[in-house]
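Residue-level structural notes
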Amino acid sequence: MRAWHVDTPGPLTSDPLRLRTGPVPRPGPGELLLRVLACGVCRTDLHVTEGDLPPHRPGVTPGHEVVGEVAGLGEAAAGAGFAVGDRAGAAWLRRTDGECTFCRRDAENLCPNSVYTGWDADGGYAEYMTVPAAYAHRLPRGYTDAELAPLLCAGIIGYRALKRAALPPGGRLGIYGFGGSAHLAAQVALASGATVHVLTRGEQARRLALELGAASAGDAAGMPPEPLDAAILFAPVGDLVLPALSALDRGGTLAVAGIYLSDIPALNYERHLFQERQLRSVTSNTRQDAREFLAFADEHKLAVTVHPYPLQAADAALGDLKNGRFDGAAVLVP
Ligand SMILES: [Zn+2]
Ligand SMILES: [Zn+2]
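To start, this report covers the structure provided alongside it. Sequence positions are assigned chain by chain, starting from 1 and proceeding in written order. Chains carry letters from A onward and ligands carry numbers from 1 onward, assigned in written order. Only residues with pLDDT of at least 70 get local features here, since the model is predicted, and only at 80 or more are side-chain atom pairs given and counted; chain-wide, interface and lining totals rely on the full set of residues. Side-chain numbers here rest on the full set of heavy atoms in the structure, without hydrogens or water.

A closer look at the coordination of the zinc ion (ligand 1)
Metal coordination angles in their ideal form are 109.5 degrees for the four-donor tetrahedron and 90 or 180 degrees for the six-donor octahedron. Within the protein, the atoms that donate to the zinc ion (ligand 1) are Asp 97 (OD), Cys 100 (SG), Cys 103 (SG) and Cys 111 (SG), at distances of 2.1 to 2.3 Å. Distances define the donors: N, O and S atoms within 2.8 Å of the metal qualify, as do those within 3.2 Å of Na, K or Ca. Water is excluded, so some sites may look unfinished. Key to geometry: four donors with every angle between 85 and 135 degrees are tetrahedral; four donors are square planar and six octahedral where opposite donors lie over 155 degrees apart and all remaining angles lie between 65 and 115; all other sites are irregular. Bound by four donor atoms, the zinc ion (ligand 1) shows angles of 98 to 118° at the metal and therefore tetrahedral coordination geometry. Taken in sequence order, the residues that donate to the zinc ion (ligand 1) follow the motif D-x2-C-x2-C-x7-C. On the basis of relative accessibility, which here comes to 13%, the residue Cys 103 falls in the buried class. With relative accessibility at 4%, the residue Cys 111 sits in the buried group. Think of it in three bands: residues with accessible area under 20% of the maximum for their type are buried, residues over 50% are exposed, and the middle band is partly exposed, with areas taken using a 1.4 Å probe on protein chains only.

Listed below in structure tokens is the structure:
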């Protein structure tokens, strides 16, 4: 089979990714073999490829938004309920230890021994890959393979961020930054009856926000037209924490969705935190988050914008992502 490998992590211009032919992997105990039907291209893949994330597995195959067809089962993998021919998804969280304090209190996203698809183990920039059956996902109906792929990372993370923002039913939500994750989270909030205000730079993103049903779309550093019950900061810009906290009503929560945020300037207790406003981070996700989000996507058709690339153009897709050459999500289709 063909698979991309990160030989020596470095800038894309140094050609860190190589497409090679090798054997189809054999599913280990408890694992499924997936024939890859589509694999999303995520910014994290760029971090793995360029070495911003330290290498965990030499020559790793990136890709953690994988839509596949079960092509084989390892020993004792049948218990999870997947059979050959079923469709299944593989996401970033590949496995946890299942026994630490965090795993035991339903916070497996915080497990210090978790391993990740496309970083610790080979991912979906390939024709086949393996996934632990207990961490594979059933996929919602009504989407193409390419449309499903971004749901498996951008969608799940956006959903987790929405939960962390503790938006009350019918509440007013502010969304700062409006990329792939944000535009899916906004649709979930809107379908749940929220009023959504989008604050972002970029005329095109604001237009998309209004098309999807946002009540307003304004500049990232501006104030929304009404106080917010909850807000999510998707833009990795620490400066925006201040206006976002100021925009919260009493008791409101701001969730920072990103894995990275530039420094947050000094807060003023009275303006930014008093009246029981809260500032929270969001770290990875649990399987439960993924299941809830995918079930939601099965009931509510979400609009997903995808740009398909053939598998052999993975390096070009990453380059286009890096240079912001498209809106929506790039997806590799073998
Ligand atoms: Zn654990
Ligand atoms: Zn991702």
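Let's pick the thread back up.
A word on the coordination of the zinc ion (ligand 2)
In this structure, Cys 42 (SG), His 64 (NE2) and Cys 153 (SG) serve as the protein donors to the zinc ion (ligand 2), at separations of 2.0 to 2.2 Å. Sequence spacing among the residues donating to the zinc ion (ligand 2) works out to C-x21-H-x88-C. With His 64 in the loop between α1 (43–50) and β4 (66–73) and Cys 153 in helix α3 (residues 145–164), the pair connects residues that are 89 residues apart, well separated along the chain. Cys 153 gets classed as buried once you look at its relative accessible area, which sits at 11%. In DSSP terms, a helix is any run of H or I states spanning at least four residues, a strand is any run of E spanning at least two, and both are numbered starting from the N terminus.

A look at α1
Among the eight residues that make up α1, six are buried, leaving the element largely enclosed by the rest of the structure. Taken together, the buried positions of α1 are occupied by Thr 44, Asp 45, Leu 46, Val 48, Thr 49 and Glu 50.

As for the packing of aromatic side chains
Any pair of aromatic rings gets described here by the distance separating the centres and the angle formed by the planes. Two aromatic rings from Phe, Tyr or Trp, using only the six-membered ring of Trp, form a pair when their centres are within 6.5 Å; if the ring planes differ by under 30 degrees the pair is stacked, by over 60 it is edge-to-face, and anything between is tilted. Throughout the structure, instances matching the rule amount to five aromatic pairs. Centre to centre, the rings of Trp 92 and Tyr 116 are 4.8 Å apart; their planes meet at 20°, and the pair counts as stacked. Linking Trp 92 in the loop between β5 (87–90) and β6 (93–95) with Tyr 116 in strand β7 (residues 115–116), this pair joins segments that are 24 residues apart in sequence. Classification of Trp 92 by relative accessible area gives buried; the value is 13%. Ring centres 5.9 Å apart and planes at 45° place the aromatic pair Tyr 159 and Phe 293 in the tilted group. Of this pair, Tyr 159 sits in helix α3 while Phe 293 is found in helix α8 (residues 287–299), placing the two residues 134 residues apart along the sequence. As far as the burial class goes, Tyr 159 and Phe 293 line up, both buried. One aromatic cluster in this structure is built from Trp 92, Tyr 116 and Trp 119. Positioned over the ring face of Phe 82 is Arg 138, at 4.1 Å from the centre of the ring. Taking NZ or CZ as reference, Arg 287 lies 3.7 Å from the ring centre of Tyr 135, over its face. By the criterion adopted, a ring carries a charge over it if an Arg CZ or a Lys NZ lies within 6 Å of its centre and within 35 degrees of its normal.

Concerning a nonpolar patch on the surface
The patches described consist of residues with a relative accessible area above 30% and no salt bridge, like charges being joined within 9 Å and nonpolar side chains (Val, Leu, Ile, Met, Phe, Trp, Tyr) within 5 Å. For every accessible area listed, the method is Shrake-Rupley and the probe measures 1.4 Å; residues are considered covered only by the protein chains on display. We define a salt bridge as a contact between a side-chain nitrogen of Lys or Arg and a carboxyl oxygen of Asp or Glu at a distance within 4 Å. Taken together, Ile 264, Leu 267 and Leu 279 make up a surface patch of nonpolar side chains, about 210 Å² in accessible area. With a relative accessible area of 37%, Ile 264 lands in the partly exposed category.

Notes on the pattern of salt bridges
The final tally for this structure, using the stated rule, is 18 salt bridges. Note that Glu 108 and Arg 287 form a salt bridge whose closest N and O atoms lie 2.9 Å from each other. In this pair, Glu 108 is assigned in the loop between α2 (101–104) and β7 and Arg 287 in helix α8, connecting sequence segments 179 residues apart. Judged on exposure class, the residue Glu 108 and its partner Arg 287 are both buried.

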